[in-house]
Amino acid sequence: MIFQVDNKNVFVSDSGQGIDKEKVTIVLLHGSGLSHIVWSLTEQYLSNQNYNILAIDLPGHGNSEGDCLKSIEEISDWLEKVFKELNVSELTIVGHSQGCLEALEYYSRYSKRVKNLIFVGGSYRMPVNQDLIDLAEIGDDKAVKLMMKWSYENSKKFIGGNPVEKIINSPRDIREVLAIDLIACNNYKNGSEALKSIKCPTLFIFGELDKMVNLEKGKKFAELIPNSKTYIIKECGHMIMFEKAFEMREKISEFLKK
């Protein structure tokens, strides 16, 4: 699906189903430097569960035009423009990593649209190692390798090699997309206030071996949201959508059916 926001093309993968006003809509928000492709094993499954699926490419990512937005707050306001353009409400928002910050900030600003929140491998505060930012700003591919190393040991854990390298595959992608995203995450400070506003059903999914958002940090986030649910995926790191997509998507489906 392609449409325009602020005179720029926006790409949203909808599993080829469009938007049925009679169905609940699930929004999938990707992490730093990535695109809707990370949800490929998830969106068709959830679509088959009779949901509308909107896997969004942020500006400058994937197939969406424009420059990357430089703050989580800007992204949240841009998302509201997207949802207005598509005329969708009663959203379930699923965010991974940076997408968790976006979901959190979006809820704090536009909670009337949100029915459920699902945080995958995220926290309300995500400081980024300065070495990683420095490498990304000069377009060094070591930035991607470090991301994967800190996510979960090394890329050998993935059949076919490092999946992130297939998305962030040029110095330009690293410099003009990944670096901007990482800085946006590092600079986001409103999470501790934003989480206080959460009143909707909320699910947290964490990888047991995640080194970017370690389990202790994740659990502290979950504990701050009353009546939230937490699910920990064993033998899994930060890139849950690649490592344990089948288990993750089943838990999302179970949560939404309750």
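Scroll up to find the structure this text is about.
This text gives an overview of the structure that appears in the document.

## Observations regarding the overall build of the chain
- Secondary structure assignment for the chain yields 11 helices and eight strands.
- Its C-alpha radius of gyration of 17 Å places the chain within 12% of the 18 Å reference for a compact globule of 258 residues.
- The dimensions of the chain, computed from C-alpha atoms along their principal axes, are 45 × 40 × 35 Å.
- Taking contacts inside the chain between residues at least 6 apart in sequence as the whole, the part at least 24 apart equals 75%.
- Accessible surface, the chain as shown: approximately 11,500 Å² in total, 46% of it carbon and sulfur.

## As for the sheet that holds strand β5 (residues 91–96)
- The eight strands are arranged β1-β2-β4-β3-β5-β6-β7-β8 in an open sheet whose pairing can be described as mixed. The open sheet has two edge strands with one neighbour each: β1 (2–5) and β8 (229–233). Along the sheet, successive strands turn relative to each other by an average axial angle of 25°, direction set aside.
- By the bridge criterion, four bridges tie β1 to strand β2 (residues 8–13) in an arrangement that is antiparallel. For F3, the partnering residue across the bridge sits in β2 and is V10.

## Details of the packing of helix α1 (residues 40–48) against helix α11 (residues 245–257)
- With their axes 9 Å apart at the nearest point, α1 and α11 run at an angle of 35° to one another. For the pair α1 and α11, the sense of crossing is right-handed. Packed against α1, whose contacting residues are L41, T42, Y45 and L46, the element α11 presents A245, M248, R249, E250, I252 and S253 at the interface.

## Focus: the packing of helix α4 (residues 130–137) against helix α7 (residues 171–187)
- Between α4 and α7, the shortest axis-to-axis distance is 8 Å and the interhelical angle comes to 150°. By the criterion of interaxial angle, the relationship of α4 to α7 is roughly antiparallel. The crossing of α4 and α7 is left-handed. On the side of α4, the interface is formed by L132, I133, L135, A136 and E137, while α7 contributes I174, R175, L178, A179, L182, I183 and N186.

## Quick notes on the side chain of S97
- Within the fold, S97 resides in the loop between β5 and α3 (98–110).
- The exposure class of S97 is buried, given its relative accessible area of 9%.
- Here S97 is in contact with G31, V120, G121, M126 and H238, once residues within four sequence places are set aside.

## Notes on the side chain of T42
- Following the sequence through the fold, T42 ends up in helix α1.
- For T42, a relative accessible area of 0% gives the class buried.
- Not counting residues up to four positions away in its chain, the partners in contact with T42 are M248 and R249.

## Regarding the pattern of salt bridges
- Inspection of the entire model under this criterion finds 11 salt bridges.
- Across the pair E80 and R113 runs a salt bridge whose closest N-O atoms are separated by 2.9 Å. Pair noted here: E80 is in helix α2 (residues 72–86) and R113 is in the loop between α3 and β6 (114–120), with a separation of 33 residues, a long-range link.
- Judged by its relative accessible area of 17%, R113 falls in the buried class.
- Put simply, R172, D173, R175 and E176 are held in one network by salt bridges that share partners.

## Notes on unusual backbone geometry
- Within the chain, N7 stands out as a residue other than glycine whose phi angle is a positive 65°.
- With respect to the helices and strands, the residue N7 is situated in the loop between β1 and β2.
- One non-glycine residue with positive phi stands out, namely S97, at about 55°.

## Examining the environment of R125
- Along the chain, R125 falls in the loop between β6 and α4.
- On the accessibility criterion, R125 (26% relative accessible area) is partly exposed.
- For the pair formed by R125 and K217, sequence separation is 92 residues and the distance between their alpha carbons is 9.4 Å.
- Excluding anything up to four places from it in sequence, R125 contacts L101, C185, N186, Y188, K189 and K217.
- Of note is the side chain of R125, whose polar atom sits 3.4 Å from the backbone oxygen of N186.

## Re the packing of aromatic side chains
- A full pass over the atoms with the stated rule returns seven aromatic pairs.
- Ring centres of F119 and F204 lie 5.2 Å apart, and the angle between their planes is 20°; this geometry places the pair in the stacked category. Of this pair, F119 sits in strand β6 while F204 sits in strand β7 (residues 202–207), placing them 85 residues apart in sequence.
- In this structure F119 comes out as buried when scored by relative accessible area, which is 0%.
- An aromatic cluster of three or more residues is present, and its members are F119, Y124, F204, F206 and F221.

Reading the values: the criteria
Residues numbered from 1 in each chain as written. Predicted model: local features only at pLDDT ≥ 70, side-chain atom pairs only at ≥ 80, totals over all residues. Heavy atoms only, no water. Helix = DSSP H or I, 4+ residues; strand = E, 2+ residues; numbered from the N terminus. Rg over C-alpha atoms; globule rule 2.2 N^0.38 Å. Contact = heavy atoms within 4.5 Å. Areas by Shrake-Rupley, 256 points an atom, 1.4 Å probe, with all protein chains shown as cover. Pairing = 2+ DSSP bridges. Axes fitted to C-alpha atoms, helices over the stretch in contact; angles between N-to-C directions. Left-handed = near helix turned anticlockwise from the far one by under 90°. Parallel < 35°, antiparallel > 145°, perpendicular 65-115°, else oblique. Buried < 20%, exposed > 50% of the residue type's maximum accessible area, 1.4 Å probe, protein only. Salt bridge = Lys/Arg side-chain N within 4 Å of Asp/Glu carboxyl O. Polar contact = N/O pair within 3.5 Å; in protein donor to acceptor, adjacent residues only side chain to side chain. Phe/Tyr/Trp six-rings, centres within 6.5 Å; stacked < 30°, edge-to-face > 60°.

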